[in-house]
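Observations on the three-dimensional arrangement
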Amino acid sequence: MQSIDLLIEARWVVPVQPHGVVLEHHAVAVDAGRIVALLPIAEARTRHAAREVVVLDEHALIPGLVNAHTHNPMTLMRGLADDLPLMRWLQEHIWPAEAKAIGPEFVRDGIELAVAEMLRGGTTCCNENYFFPDVQAATYRRLGFRAMVGLPIIEFPSAWAATRDEYFDRGLAVHDEFRGEPLLGTSFAPHAPYTVSDESFERIRLLSDQLDVPVHLHLHETAYEVDEAKRERGARPFARMQALGIVNDHLIAVHMTQLTDAEIAECAESGVAVVHCPESNLKLASGFCPAEKLRRAGVKLAIGTDGCASNNDLDMFGEMRSAALLAKAVAENASALDAASALRAATLGGALALGWGERIGSIEAGKQADLAAVRLDDIETQPLYNVVSQLVYATGRQQVSDVWIAGARKLRERVLPDIDLGEVREKARRWRERLAG
């Protein structure tokens, strides 16, 4: 018998790859943080001697969810400025609040709150986009949470950097400092075409190629953005990004609510990943990402929550449901973005978008053991006919019972063993008093 660290026996395992498959009475064998086998429980018991056995007799075991676009420090701004259009929300409320509060402590405390929320909702990885990436990376590392940390680039000064050169210099220093961390990666995170110059984009493209890191960019978020770009530059932002060499397989394009069929085809051909943030787009009335058209074209499709200031949660179960329902309405087709495709976008789709498809996103031998267990015996998910449909259309994040990242148990029967929730709540309360004052 092979000695291993962990054997998880589940009523159902949804590996995501192969697509749409549900395995009954299967076990996942884990050793040294990696999945070593996926096999029937009876066979697993004869082949593996585990130091720990976890029995999930009424649960579905799924890959950890990948939140492919977040601004997690902004969790401390949850509900600060609601029911406003994007530019008013940004210019009149969010940017002034950030100017008052942003700093290392704000970033650290916001990420602690976000990680607690994400773990309790089955999310094991996020794609981060905010200031003070050094503090972000150190906090994610301390909490044992998997994250792609964005290196911010924007043309105006902030508490993080005063000049364009300083954004690049400080960002590259963060990349070098955390390059060897097993749970962390870095990307370039230019804010948007309307806040970043051609010169900066050219420099980003060169560095992205040299360092083989993604470019995480808000793009075609609103019709206003596209119309203003056409008026000021005579070209749509996507066309400008093409001319600058940004449209390639390193690009993680977020929102993409305004797309032509030709742009969708170019995304597929160039290997662009698109992150769909349905609830944030709905709340800010930003438009509708054509998720089903993108999926049918073969574009790498991922799902993100965006930040809590514009969502107002980090609930990837809710986001999957919204993505699937919205895709049907936009496509005028009830079969659009079916449940299995929505779950894929929230797991393997996110992993592929980050360039981590060989590492996470599905339950396969050789991959990191990023896993989430979801109870399906609650009254809200009875009766059960189809496990995947139930996960997407009926399950709430409160049904997540256990979570592992690289084989380490981060949620145990709804308890966070590594996070003091009382302390997290107290910090959130203090930030509310400061930001509301």
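Residues numbered from 1 in each chain as written. Predicted model: local features only at pLDDT ≥ 70, side-chain atom pairs only at ≥ 80, totals over all residues. Heavy atoms only, no water.

Quick look at the overall build of the protein
- Looking only at helices and strands, the protein has 16 helices and 15 strands in total.
- Taking 2.2 N^0.38 as the reference for a compact globule, 437 residues should give roughly 22 Å; the C-alpha atoms of the protein span a radius of gyration of 21 Å, in line with that estimate.
- C-alpha atoms of the protein, sized along the principal axes, occupy 65 × 45 × 40 Å.
- The buried share of the protein, taken over its 437 residues, is 59%.
- Pairs at least 24 apart in sequence give 72% of the contacts found in the protein among residues at least 6 apart.
- When the accessible surface of the protein is summed, it comes to about 16,500 Å², and 49% of that surface belongs to carbon and sulfur atoms. (Helix = DSSP H or I, 4+ residues; strand = E, 2+ residues; numbered from the N terminus. Rg over C-alpha atoms; globule rule 2.2 N^0.38 Å. Buried < 20%, exposed > 50% of the residue type's maximum accessible area, 1.4 Å probe, protein only. Contact = heavy atoms within 4.5 Å. Areas by Shrake-Rupley, 256 points an atom, 1.4 Å probe, with all protein chains shown as cover.)

Structural notes on the nonpolar core
- Formed by 111 residues in total, the largest nonpolar core has its most connected members in Met77, Trp89, Val115, Tyr140, Leu251, Leu343 and Leu391.
- With 9 residues, the single largest contributor to this core is helix α3 (residues 104-120). (Core = buried A, V, L, I, M, F, W, Y, C linked by side-chain atoms within 4.5 Å.)

Comments concerning the packing of aromatic side chains
- A full pass over the atoms with the stated rule returns 5 aromatic pairs.
- Seen in terms of ring centroids, Trp95 and Phe156 are 5.7 Å apart; in terms of plane orientation they differ by 70 degrees. Their pairing is edge-to-face. Of this pair, Trp95 sits in helix α2 (residues 86-101) while Phe156 sits in the loop between β7 (146-153) and α5 (164-177); the two residues are 61 residues apart in sequence, bridging distant segments of the chain.
- The ring of Trp160 carries Arg170 above its face, with NZ or CZ at 3.8 Å from the centroid.
- One Lys or Arg, Arg203, reaches over the ring of Phe168 and ends 4.1 Å from the middle of that ring. (Phe/Tyr/Trp six-rings, centres within 6.5 Å; stacked < 30°, edge-to-face > 60°. Lys NZ or Arg CZ within 6 Å of the ring centre and 35° of its normal.)

As for helix α6 (residues 198-211)
- Compared with the 20 Å implied by 1.5 Å per residue over 14 residues, the 20 Å span of α6 between its first and last C-alpha is a close match.
- Among the residues of α6, those classed as buried are Ser200, Phe201, Ile204, Leu207 and Ser208. Looking straight down α6, one finds that the buried residues subtend no more than 130 degrees of arc, so they occupy a single side. With respect to the buried face of α6, the exposed residues turned more than 90 degrees away are Glu199 and Gln210.
- On its buried face, α6 sits against β7, α5, β8 (184-190), β9 (215-219) and α8 (237-243).
- A positive backbone phi angle near 55 degrees is found at Asp212, which sits one or two residues after α6. (Expected span 1.5 Å × (residues − 1). Arc of directions from axis to C-beta.)

Details of the pairing of strand β14 (residues 400-405)
- In terms of burial, β14 is a largely internal element, 6 of the 6 residues being buried.
- With 4 bridges connecting them, strand β13 (residues 371-375) and β14 associate as antiparallel partners. Looking at the pairing, Ala373 lines up with Asp402 of β14.
- If you look at the hairpin formed by β14 and strand β15 (residues 408-411), you'll find 2 residues sitting between the two strands, and Ala406 has a positive phi there, around 50 degrees. (Pairing = 2+ DSSP bridges.)

Points about the packing of α3 against helix α16 (residues 421-436)
- Between α3 and α16, the least distance of the axes is 10 Å, while the angle of their chain directions is 130 degrees. What the angle tells us is that α3 and α16 run oblique. The element α3 and its partner α16 pack so that their crossing is left-handed. Contact residues: α3 offers Glu105, Phe106, Arg108, Asp109, Glu112, Leu113, Ala116 and Arg120, while α16 offers Leu421, Val424, Lys427, Ala428, Trp431 and Leu435.
- In terms of residue class, the contact of α3 with α16 is built from 8 nonpolar, no polar and 6 charged. (Axes fitted to C-alpha atoms, helices over the stretch in contact; angles between N-to-C directions. Parallel < 35°, antiparallel > 145°, perpendicular 65-115°, else oblique. Left-handed = near helix turned anticlockwise from the far one by under 90°. Nonpolar A, V, L, I, M, F, W, Y, C, P; charged D, E, K, R; others polar.)

Re the pairing of strand β11 (residues 273-276)
- Residues Ala273 and Val275 point to one face of β11 and Val274 and His276 to the other, with burial holding for every one of them.
- Here strand β10 (residues 251-255) pairs with β11 via 3 bridges, running parallel. By the bridge assignment, Ala253 is partnered in β11 with Val274.
- Handedness of the crossover is the feature at issue here: the chain leaves β10, passes through helix α9 (residues 261-270), returns alongside β11, and the resulting connection is right-handed.
- Two strands pair when backbone bridges link them, and β11 and strand β12 (residues 300-303) are joined in this way by 4 bridges, in the parallel orientation. (Right-handed = clockwise from strand over helix to strand, strands pointing away.)

Some remarks on the sheet that holds strand β1 (residues 2-13)
- Strand order in the open sheet made by the 7 strands is β3-β2-β1-β4-β13-β14-β15, with mixed pairing throughout. Lying at the two open borders of the sheet, with one neighbouring strand each, are β3 (34-40) and β15. Each adjacent strand pair in this sheet contributes to an overall mean axis angle of 30 degrees, direction not counted.
- Alignment of β1 against strand β4 (residues 48-63), held across 10 bridges, turns out to be parallel. By the bridge assignment, Val13 is partnered in β4 with Leu61.
- In this fold α3 packs onto β14 and β15, with an angle of close to 115 degrees to the strand it touches most, β14.

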